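Fold and contact review
Residues per chain, in single letters:
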Amino acid sequence: MDGNGRWAQARGKPRHAGHRAGVETVRRVIETCGKRGVRVLTLFAFSSENWQRPETEVKMLMELFFTALNREIRRLQKQNVRLRIIGDVSAFSQKLQQLIREGEQLTADNDGLVLQIAANYGGRWDITQAARNLARQVKAGILQPEEIDESVFARQLSFSDQPDPDLFIRTGGEKRISNFMLWQCAYTELYFTDVLWPDFDDQALEAAFEDFSGRQRRFGRVSAQVEG
Ligand code: IPE
Ligand code: MG
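The model shown is predicted, which means the values in this text are computed figures rather than measured ones.

Calculation notes
- Residues numbered from 1 in each chain as written.
- Chains lettered and ligands numbered in written order.
- Predicted model: local features only at pLDDT ≥ 70, side-chain atom pairs only at ≥ 80, totals over all residues.
- Heavy atoms only, no water.
- Helix = DSSP H or I, 4+ residues; strand = E, 2+ residues; numbered from the N terminus.
- Rg over C-alpha atoms; globule rule 2.2 N^0.38 Å.
- Buried < 20%, exposed > 50% of the residue type's maximum accessible area, 1.4 Å probe, protein only.
- Areas by Shrake-Rupley, 256 points an atom, 1.4 Å probe, with all protein chains shown as cover.
- Lys, Arg positive; Asp, Glu negative; His and termini not counted.
- Charge placed at Lys NZ, Arg CZ, Asp CG, Glu CD.
- Axes fitted to C-alpha atoms, helices over the stretch in contact; angles between N-to-C directions.
- Parallel < 35°, antiparallel > 145°, perpendicular 65-115°, else oblique.
- Left-handed = near helix turned anticlockwise from the far one by under 90°.
- Contact = heavy atoms within 4.5 Å.
- 1 Å grid on protein atoms, 1.4 Å probe; cavity = no way out; pocket = protein on both sides within 12 Å on 5 of 7 lines; lining within 4 Å.
- Points joined across faces, edges and corners; volume = space filled by probe spheres on them.
- Nonpolar A, V, L, I, M, F, W, Y, C, P; charged D, E, K, R; others polar.

This part takes up the overall build of the protein. Secondary structure assignment for the protein yields eight helices and five strands. Counting helices and strands in the order they occur from the N terminus, the protein gives α-α-β-α-β-α-β-α-α-β-β-α-α. Against the compact-globule benchmark of 17 Å for 228 residues, the protein has a radius of gyration of 19 Å, which places it among compact chains. Projecting the C-alpha coordinates of the protein onto the three principal axes gives extents of approximately 55 × 50 × 35 Å. When each of the 228 residues of the protein is scored for burial, the buried share is 42%. Accessible surface computed for the protein: about 13100 Å², of which carbon and sulfur atoms make up 49%. One finds the centroid of the 32 positive side-chain charges in the protein at a distance of 5 Å from the centroid of its 31 negative side-chain charges.

What follows is the structure, given as structure tokens:
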């Protein structure tokens with residue numbers, strides 16, 4: 001979700017107005033994805049690198065995360081959405097951590113859309129913590145280095161109970177992955193749009209789905225193997 005700041009700047013508003021407008025987009029996208037039968041939606045809300053922004057913006061984003069979550073949890077529950085927050089949440093305030101636990105517990109049995117919010121998340125962080133876990137197991141003698149293959153490794157990663165993403169959407173014009181789900185996106189279809197996140201409406205989302213539906217996914221094979 002990129003482009004909140006520029007959206008605000010273009011309107012002569014402070015950056016936080018863009019972030020607030022971005023929350024509205026989040027609500028709409030969750031609703032539409034639920035209706036469209038998307039099984040898993042992962043939103044990259046705050047990266048491990050976003051702490052480097054000016055202190056006032058970081059503080060504002062934390063407060064917004066809290067108020068938006070607090071306000072939306074009941075709606076998610078009504079929509080049968082299962083909420084999960086992925087990332088190193090230990091860096092957040094106790095209050096926010098408590099709210100995250102409550103939201104996850106309340107919605108744990110819902111079987112509709114799985115909504116994963118990546119917060120204080122980074123793909124390299126994820127791979128590093130997986131490696132550390134495996135190293136601990138080897139040290140403890142419960143795992144042999146030879147036993148580590150891709151599936152053993154993948155099981156230590158965040159999101160490991162969900163399929164790898166089919167489609168990656170980045171709004172705001174930049175053509176980068178910016179440390180998002182590096183391992184999991186190995187065969188994900190990438191889609192970049194200039195639309196700024198607060199402007200990312202249903203039509204823009206449909207355009208991404210439409211583009212995705214025209215892709216041929218070969219996973220390293222040749223066309224003839226996957227056609228027909
Ligand atoms: C994305 O919008 C929101 C977060 C990363 C929290 P930006 O804040 O990156 O918006 P731009 O890139 O400055 O327009
Ligand atoms: Mg940005």
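The next subject is the packing of helix 2 (residues 15-35) against helix 7 (residues 202-213). One way to put it is that helix 2 packs onto helix 7 with a least axis distance of 10 Å and a crossing angle of 50 degrees. Relative to helix 7, helix 2 is oriented oblique. Remark: the crossing between helix 2 and helix 7 carries right-handed chirality. Here Arg28, Thr32 and Cys33 of helix 2 come into contact with helix 7, specifically with Asp202, Leu205 and Phe209.

Moving on, we come to the layout of surface pockets. The computed volume of the second largest pocket comes to approximately 170 Å³. Taken together, 13 residues line the second largest pocket, and the ones lying closest to its centre are Ala154, Leu157, Asp164, Trp183 and Gln184. Among the residues forming the lining of the second largest pocket, the class breakdown is five nonpolar, five polar and three charged.

On their own, these measurements won't tell you what the molecule is for.
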